[in-house]
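Secondary and tertiary structure notes
So you can see what is in the structure, the chains are spelled out below.
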Amino acid sequence: MGYELWGTNYETGTMRPGLHLFANFGGSIMIALDLFGELQLVGSLASTKPLIVISGPSGSGKSTLLKRLVQEHPGVFGYSTSHTTRSPRPGEEDGREYHFVTRSEFQNLCDRGTFLEWAEFSKNLYGTSINSVRKIVEAGQMCIMDIDLQGVHSVKNAAKDLCPRFIFIKPPSFEELRARLQARSTETDESLAIRLKTAESEMRYADENPGFHDFVVVNDNLEQAYKNLKVAIFGKAD
Ligand SMILES: Nc1ncnc2c1ncn2[C@@H]1O[C@H](COP(=O)(O)OP(=O)(O)OP(=O)(O)O)[C@@H](O)[C@H]1O
């Protein structure tokens, strides 16, 4: 079903010949050509692809699974460009890796409801703007967000029109999670303890709130977990 977007009224049939753009209620934009009083659909600028929201404890395997997914599906997924208050590193460009902003600019954007979700890490603020996600979805790509539980709550409240699909990556057990994080050798004793404490409460929240996530992918065997992730995203494993 279409509704008027620019200059013409499809419902009442008062269309002028020309190129027309319609938005449907699912969020896609269709291009229709009307030269002789007949409407013909000639293309779609964007289809309704779900916003993929991945969450899970640190060390559950989100990066491992997503890296493979993106590598094996070139062009299918788009990354949103986040805002951050951290300083650009050598080689980073404003608007490419991040939108670099000051703390007060970030606060202003936050107050204006610009962000779908935001968080503070190591004294720097990071946020995903609604527009950056919308751009990807409207270009016909799937946008993937890898965020923490607090971010998932924000997206649930703010992004219903982006058809978010919430996927929780769960480790097979807490002990295995600890072992994987230790083997990754990226953490100090202190940061490991913080990650494990947060992991415990995230896993408990998922257990106590069945249905909060649309899909729970247990990352025990990596191959099986990858297949299940593809089913959660595409509806099939191949
Ligand atoms: N199924 C698996 N079996 C064994 N090891 C795994 C499996 N999946 C991931 N790993 C390993 O576990 C470690 C943690 O995985 P990864 O870095 O992908 O987690 P993450 O959820 O992205 O963590 P973070 O949130 O801290 O970035 C990595 O060293 C990875 O190689």
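Residues numbered from 1 in each chain as written. Predicted model: local features only at pLDDT ≥ 70, side-chain atom pairs only at ≥ 80, totals over all residues.

For clarity, the cut-off: UniProt positions are given in the numbering used here, feature names are shortened, and annotations may be inferred rather than shown by experiment.
Per an unreviewed UniProt entry, the recorded name for the protein chain is Guanylate kinase, and the organism is Paramicrosporidium saccamoebae. Regarding the protein chain, the relevant UniProt record gives this comment under Sequence similarities (unreviewed entry): "Belongs to the guanylate kinase family."

1. Digging into the sheet that holds strand 12 (residues 215–218)
Operational definition: Two strands are said to pair when DSSP picks up at least two bridges between them. A run of H or I in DSSP becomes a helix once it reaches four residues, and a run of E becomes a strand once it reaches two; helices and strands are each numbered from the N terminus. It is the C-beta atoms, placed from the backbone, that decide contacts: two residues are in contact if theirs lie within 7 Å. Orientation is described by axes fitted as lines to C-alpha atoms, over the contacting stretch for helices, and by angles from 0 to 180 degrees between their N-to-C directions.
Here we have 5 strands laid out as an open sheet, ordered 5-10-4-11-12, and parallel in their pairing. The open sheet has two free edges, formed respectively by strand 5 (77–78) and strand 12, since each of these has just one partner strand. The strands touched by helix 1 (residues 62–72) within the sheet are strand 4 (51–55), strand 5, strand 10 (142–146) and strand 11 (164–170), with strand 10 carrying the most contacts at an inclination of about 165°. Sheet strands touched by helix 4 (residues 149–158): strand 4 and strand 11. Its angle to strand 4, the strand with the most contacts, is close to 155°.

2. Observations concerning unusual backbone geometry
To be explicit about the condition: To assign burial, the other C-beta atoms lying within 10 Å of each residue's own C-beta are counted, with C-beta atoms placed from the backbone; 20 or more indicates buried, 12 or fewer indicates exposed, and intermediate counts indicate partly exposed.
In this structure, Cys 163 is a non-glycine residue whose phi angle is positive, near 50°. Note that Cys 163 resides in the loop between helix 4 and strand 11. Using a count of 14 C-beta atoms within 10 Å as the deciding quantity, one classes Cys 163 as partly exposed.

3. Observations regarding the packing of helix 1 against helix 7 (residues 222–234)
Note the threshold: Should the near helix be turned counterclockwise from the far one by less than a right angle, the crossing is left-handed, whereas a clockwise turn marks it as right-handed. Only Asp, Glu, Lys and Arg are considered charged in this grouping, and only Ala, Val, Leu, Ile, Met, Phe, Trp, Tyr, Cys and Pro are considered nonpolar; every other residue, Gly among them, is considered polar.
Between helix 1 and helix 7, the least distance of the axes is 10 Å, while the angle of their chain directions is 60°. For the pair helix 1 and helix 7, the sense of crossing is right-handed. Together, Leu 65, Arg 68 and Leu 69 of helix 1 and Ala 225, Tyr 226 and Leu 229 of helix 7 make up the contact between the two elements. A class-by-class count of the residues in the contact of helix 1 with helix 7 yields 5 nonpolar, no polar and 1 charged.

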